[in-house]
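Overview (structure and organization)
The chain contents come next:
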Amino acid sequence: MKVQLLSALNDTNVDAAQLSNQRQLAISISAIADQLDQSLPLNLCLILDKSGSMHGEAIDTVIQAVEQLLAQLKPGDRISIVAFAGTSEVIIPNQIVSDIDSIKAKLKNKLKASGGTVIAEALSLGITELLKGTKGAVSQAFLLTDGHGDGGLKIWKWEIGPNDHKRCLELAQKATRVNLTINTFGFGNEWNQDLLEKIADAGGGSLTYIERPEQAVAQFGSLFKRIQSVGLTNAHLLLSLVPSVRLAELKPIAQVAPETIELTVETEANGSFIVRLGDLMKDVERVVLTNIYLGQLPEGKQVIGHIQIRYDNPAENKEGLLSPLLPVYANVTKAYQPAVNPQVIQSILVLAKYRQTQVAETKLEQGDRAGAVTMLQTAAKTALQIGDTGAATVLQSNATRLQAGEELSESDRKKTRIVSKTILRE
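Residues numbered from 1 in each chain as written. Predicted model: local features only at pLDDT ≥ 70, side-chain atom pairs only at ≥ 80, totals over all residues. Heavy atoms only, no water.

1. As for the overall build of the protein
The criterion, for reference: Going along the chain from the N terminus, every DSSP run of H or I of four or more residues is numbered as a helix, and every run of E of two or more is numbered as a strand. All radius of gyration figures rest on C-alpha atoms, and the globule criterion is 2.2 Å times the number of residues raised to 0.38. Burial classes follow relative accessibility: with a 1.4 Å probe on protein chains only, a residue under 20% of its type's maximum area counts as buried, one over 50% as exposed, and anything between as partly exposed. Contacts are assigned to residue pairs that have any heavy atoms within 4.5 Å of one another. Shrake-Rupley sampling with a 1.4 Å probe provides the accessible areas, and residues are treated as covered by the protein chains on show and by no other component. As used throughout, the charge tally considers Lys and Arg to be positive and Asp and Glu to be negative, leaving His and the chain termini uncounted. We put the charge of a Lys on NZ, of an Arg on CZ, of an Asp on CG and of a Glu on CD.
Scanning the protein for helices and strands turns up 10 helices and 21 strands. Relative to the 2.2 N^0.38 estimate, which gives 22 Å for 426 residues, the radius of gyration of the protein is 23 Å and therefore close to what a compact globule would have. Residues counted as buried form 52% of the 426 residues belonging to the protein. Taking as baseline every contact in the protein between residues at least 6 positions apart, the subset at least 24 positions apart corresponds to 75%. Within the structure as shown, the protein displays about 19,300 Å² of accessible surface, and the carbon and sulfur contribution to it stands at 51%. In the protein, 43 side chains carry a positive charge and 46 a negative one; their mean positions are 2 Å apart.

2. Overview of helix 1 (residues 57-72)
Heads up, the condition is: Between the first and last residue of a helix there are one fewer steps than residues, each counted as 1.5 Å, and that sum is the expected span.
Taking 1.5 Å of rise per residue, the 16 residues of helix 1 would be expected to cover 22 Å, and the 23 Å separating its terminal C-alpha atoms lies within 8% of that figure. Where helix 1 is concerned, the buried positions are Ala58, Ile59, Thr61, Val62, Ile63, Ala65, Val66, Glu67, Leu69 and Leu70. Buried residues in helix 1 make contact with strand 4 (42-49), strand 5 (78-84), helix 2 (100-110), strand 7 (138-145), strand 10 (181-187) and helix 6 (216-228).

3. Points about the sheet that holds strand 5
For clarity, the cut-off: A pair of strands is considered paired only if DSSP assigns at least 2 bridges between the two. Only the stretch in contact is used when fitting a helix axis, every axis being a line fitted to C-alpha atoms; angles between N-to-C directions are given from 0 to 180 degrees.
A sheet is described by the order of its strands in space; here 6 strands give the open sequence 6-5-4-7-10-11, paired in mixed fashion. Only two strands of the sheet have a single neighbouring strand rather than two, namely strand 6 (88-96) and strand 11 (204-210). In this sheet, neighbouring strand axes are inclined to one another by 15° on average, regardless of whether the strands run parallel or antiparallel. Examined bridge by bridge, strand 4 and strand 7 share 7 bridges and lie parallel to one another. Paired with cysteine 45 across the strands is alanine 141, a residue of strand 7. Sheet contacts for helix 3 (residues 119-130): strand 4, strand 5, strand 6, strand 7 and strand 10; angle to strand 6, the most-contacted strand, approximately 15°.

By themselves, these observations are geometric and do not establish any function.
So, in structure tokens, the structure goes:
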């Protein structure tokens, strides 16, 4: 298993006469398998909401989804299950999968809906269970909830009692530091989309919307298939730029595939940059878009930076491996003519769709209905430009509702968030 690393500028040509040239650098990363590479064992923790609102069909379909997932686990895979409501408990401690019938029996006996929703304690227990089986495995958590969690109580500027939301984000960030990935599932229409998106983004995972109970099995299965394809773990993008090139100050790096995420950039002591990517799937591109500014450079083909991936290969029990150092070039010319890369333009539009939708949501929260309509319509047009007709339909439909004086339902708002981050497949 090795890393494939590619890069391209939205416009390779640079005007030598300009003092500053803005460019978007697209970086594609994927794990490339050869014929001898085998699937990595999984270390999976399911963190499941059993609060009172999950009573009935909801909890039954979650159990069904878990049973389907258990049936797909292979010898050597590990499983743990945490259930939470007002309090949390480990109902299946971390273990190598052997007696599936016993696991199913304990699941049905313990996963009974009752009580409130406090997420952070459950997330903490889940991380603890995952840490028992990380060696040589792909370690991921599925966090499913239909609630908001406890936001704590504030009196003036002072917090009284625990802030569940803040603790969740801290835990998700800590999980990535020990090579764990946190995925979130919003069940129904009452979950906190801001919280679950932030947990997934901070935890290097994905956000999934289960609008109706009958969708649970398919959505669990889809994400499970994805993590089964992981080939390399704990990947970090290392980026260094020459002195006359700099990163943009505001939101300089974002992931645009397989879903859109604003990425956190850390600066190393030597001035280079590091961005955590997490797990790399086999033959599936991870595309990162970097916003850079080029100062005046000499004419000709110039190196403007270098990129490299640092990663772990659990199959070989090797950590901190480095891909070959890849230079990034720009063609500096006095007779400037654009040399546009269509694939990078596509990535720019994918990110634009996400950010335009974010602005629309903010304007709606601020009471600026007209501004929200305009931004949703803009996002819909952007979606059409990239061939994302599913997102365009959702975004334009919501804009039309708002324009007609209607309110958006919780389902409408959640679909908007999901289509902003992903490209819907029909």
